[in-house]
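If you want the building blocks of each chain, they are given just below.
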Amino acid sequence: MGLSRVSWFGDERLAIWPLVLLAVWQFGSSMIIFAAGLKQIPVSYYEAARIDGAGNSKQFFYITLPCLSPVILFNLVMQVISCFMSFTQVYIISNGTGEPNDSTNFFALYVYNQAFKYFDMGYASAMAWVLLVIVSIVTLIIFKTSNHWVFYDN
């Protein structure tokens, strides 16, 4: 077709994009949880809003989003933890090296390489504890700020 070839895993500027697309592709389980959350919103809320003259956008912002906010919180926490723990995809795609030029060397892969490639278990263990602390802090921040944007029915 006359298009130039793109070396997705040979160029360090492009190597991260297939991994991002792979993560987006794996968002299906979160979509199932969102669908279940949508099913739990009472239809009477939408009927009352229609009677009051609310349009689709007002129904979305004043009914759907507030009622889905606990589901959004759950999916957000799970996806943040999952992002910090990205290992398998990077290991398979980069053959465990993080190449090209360490552009796909995520933290979990670096911990793995320190432990099982270089046999520096102490350093890898310390890095795993640092990862635990960072994930805990980020999760705590999400939970502390959730008081301002998560709506609970009771």
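Please refer to the structure higher up on the page.
Reading guide: rules and limits
- Residues numbered from 1 in each chain as written.
- Predicted model: local features only at pLDDT ≥ 70, side-chain atom pairs only at ≥ 80, totals over all residues.
- Heavy atoms only, no water.
- Phe/Tyr/Trp six-rings, centres within 6.5 Å; stacked < 30°, edge-to-face > 60°.
- Buried < 20%, exposed > 50% of the residue type's maximum accessible area, 1.4 Å probe, protein only.
- Helix = DSSP H or I, 4+ residues; strand = E, 2+ residues; numbered from the N terminus.
- Contact = heavy atoms within 4.5 Å.
- Axes fitted to C-alpha atoms, helices over the stretch in contact; angles between N-to-C directions.
- Parallel < 35°, antiparallel > 145°, perpendicular 65-115°, else oblique.
- Left-handed = near helix turned anticlockwise from the far one by under 90°.
- Nonpolar A, V, L, I, M, F, W, Y, C, P; charged D, E, K, R; others polar.
- Core = buried A, V, L, I, M, F, W, Y, C linked by side-chain atoms within 4.5 Å.

Colleague: Is there a simple way to think about the packing of aromatic side chains in this case?
Modeller: Each pair of aromatic rings is reported with the distance of its centres and the angle of its planes. Summed over all chains, the structure comprises 6 aromatic pairs. Here the aromatic rings of Phe87 and Tyr91 are separated by 5.4 Å at their centres, their planes lie at 25°, and the arrangement is stacked. A relative accessible area of 32% means that Tyr91 is categorised as partly exposed. The interplanar angle of 55° and the centroid separation of 5.0 Å between the aromatic rings of Phe87 and Tyr112 together place this pair among those described as tilted. Within this pair, whereas Phe87 is found in the loop between helix H4 (56-84) and helix H5 (88-94), its partner Tyr112 is found in helix H6 (residues 107-117), the two being separated by 25 residues in sequence. The exposure class assigned to Phe87 is partly exposed, which follows from its relative accessible area of 23%.

Colleague: For this particular structure, what's the right way to read the environment of Leu73?
Modeller: Looking at the secondary structure, you find Leu73 in helix H4. Looking at Leu73, the relative accessible area reads 5%, which means it is buried. Linking Leu73 and Trp149, residues 76 residues apart in sequence, is a C-alpha distance of 9.2 Å. Leu73 has contacts with Ile142, Phe143, Ser146, Trp149, Val150 and Tyr152, leaving out every residue within four places of it along the chain.

Colleague: Explain the side chain of Thr139 here, please?
Modeller: Within the secondary structure, Thr139 sits in helix H7 (residues 121-145). Sequence-distant contacts of Thr139, defined by excluding residues within four places in its chain, comprise Val77 and Ile81.

Colleague: Teacher, can you tell me more about the packing of H4 against H7 here?
Modeller: To describe two helices that pack against each other, one gives the angle between their axes and the distance between the axes. In contact at an axis separation of 10 Å, H4 and H7 are set at 160° when each is read in the N-to-C sense. With respect to their mutual orientation, H4 and H7 come out roughly antiparallel. By crossing handedness, the relation of H4 to H7 is classed as right-handed. Contact with H4, carried on its side by Leu73, Leu76, Val77, Val80, Ile81 and Phe84, involves Leu131, Ile134, Val135, Val138, Thr139, Ile142 and Phe143 of H7 and no other residues of that element. Residue composition of the contact of H4 with H7, grouped by class: 12 nonpolar, 1 polar and no charged.

Colleague: Which parts of the structure should I look at to understand the nonpolar core?
Modeller: When a protein is soluble and globular, its nonpolar side chains tend to lie buried together. Counting 7 residues, the largest nonpolar core is built from Phe34, Ile41, Tyr46, Ala49, Ile63, Leu68 and Val71. Elements that contribute at least two residues to this core include exactly helix H3 (43-51) and H4. Per-element accounting of this core gives the leading share, 3 residues, to H4. Non-local contacts of Val71, meaning those with residues more than four positions away in its chain, are made with Ile33, Phe34 and Gly37. Counting 5 residues, the second-largest nonpolar core is a separate cluster that includes Leu73, Val80, Ile142 and Val150.

Spatial relationships are all this shows, so hold off on functional conclusions.
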